[in-house]
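The chain contents come next:
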Amino acid sequence: MSETIGKAIIDATFRSAEIHNYKIVKLKYAGGEPLLHLDLIRILHEYALLQAKKKQIELEGVILTNGTLLSKDKIEHIRKLNLRVMVSLDGIGSVHDIQRPFAGGAGSFQQTMNGIELLLEEGIYPDISVTVTEQNVSKLPELTQWLLEHKLPFTFNLCRENDFSQDHPKFESEKERIIEGLTSAYKTIESNLPKNRSLLASLADQTNLAAPHLRPCSVGHSYLVFDCLGRVSKCQMQMGKPVTSINAHDPLSDIRQDKQGIQN
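Keep in mind that this is a model prediction, so the values were computed, not measured.

Novice: Outline the pattern of salt bridges, supporting the account with residue identities and numerical values.
Specialist: Considering all chains together, one arrives at 10 salt bridges under this definition. Across the pair Arg 79 and Glu 76 runs a salt bridge whose closest N-O atoms are separated by 3.6 Å. Of this pair, Arg 79 and Glu 76 both sit in helix H3 (residues 72-80), separated by three residues, roughly a single helical turn. In this structure Arg 79 comes out as partly exposed when scored by relative accessible area, which is 35%. On the basis of relative accessibility, which here comes to 32%, the residue Glu 76 falls in the partly exposed class. One salt bridge in this structure joins Asp 90 and Arg 100, with 2.7 Å as the shortest N-O distance. A residue pair is termed long-range when its members are at least 10 positions apart, and Asp 90 in the loop between strand E3 (84-88) and helix H4 (94-99) and Arg 100 in the loop between H4 and helix H5 (109-121) qualify at 10 residues. A relative accessible area of 1% means that Asp 90 is categorised as buried. Take Arg 100: its relative accessible area is 26%, and that puts it in the partly exposed class. Each of Glu 76, Arg 79 and Glu 122 takes part in one network of salt bridges that share partners.

What counts, and where the lines are drawn
- Residues numbered from 1 in each chain as written.
- Predicted model: local features only at pLDDT ≥ 70, side-chain atom pairs only at ≥ 80, totals over all residues.
- Heavy atoms only, no water.
- Salt bridge = Lys/Arg side-chain N within 4 Å of Asp/Glu carboxyl O.
- Helix = DSSP H or I, 4+ residues; strand = E, 2+ residues; numbered from the N terminus.
- Buried < 20%, exposed > 50% of the residue type's maximum accessible area, 1.4 Å probe, protein only.

Following this line, the structure appears as structure tokens:
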């Protein structure tokens, strides 16, 4: 993404926020791997902070990363920007490696774990995003135990089929295995309930029991997904089907009015 398009994305987001009287904007920096371009994220988030201050809108930010590129220097930049960090971790050891190999085929678990440990050393507790598939679900209790021991917030996310997932088994055919693995993970949680924090937001994909809400997610209501060309989609799973662009006066209205494709 160019800096010009990135800033236009932020402008478009705040235009819609003002039009619809939102008091908070949350920016998620994702990829690909966003830490490949941390300098750009720094420029864009500093710009977003200025726009938020001008418009008196609260700003939150989070980086979604595989954690392999984290270093003390990068973590210091992230801290200065007051960004949260979400790290994808799908299992312990080879379980994670099978699901998230590097382009050359080597496993990424050790580098991801090194990144998580660096964050913890610097006093940053990352949110852990666990993508549940037929490949890792039987080992979910082991990962859950580790997350509870390290007091890390986490969410279980079911693998979603998209244009690039033809080679994966269909979720329906693996449903019983998924249910069995999740049930075992819940038993691990039940046996190790934290005393000073709630896990109600973690337990089931699109089912946040920690607060009342009218929708399972914000698609089609208050959610915008921008690609590197400034095209706007309803959901990151449908980036090949853009609805509008950064040039629209109010991209959020365009998203809300579109009745094609995914509906909340």
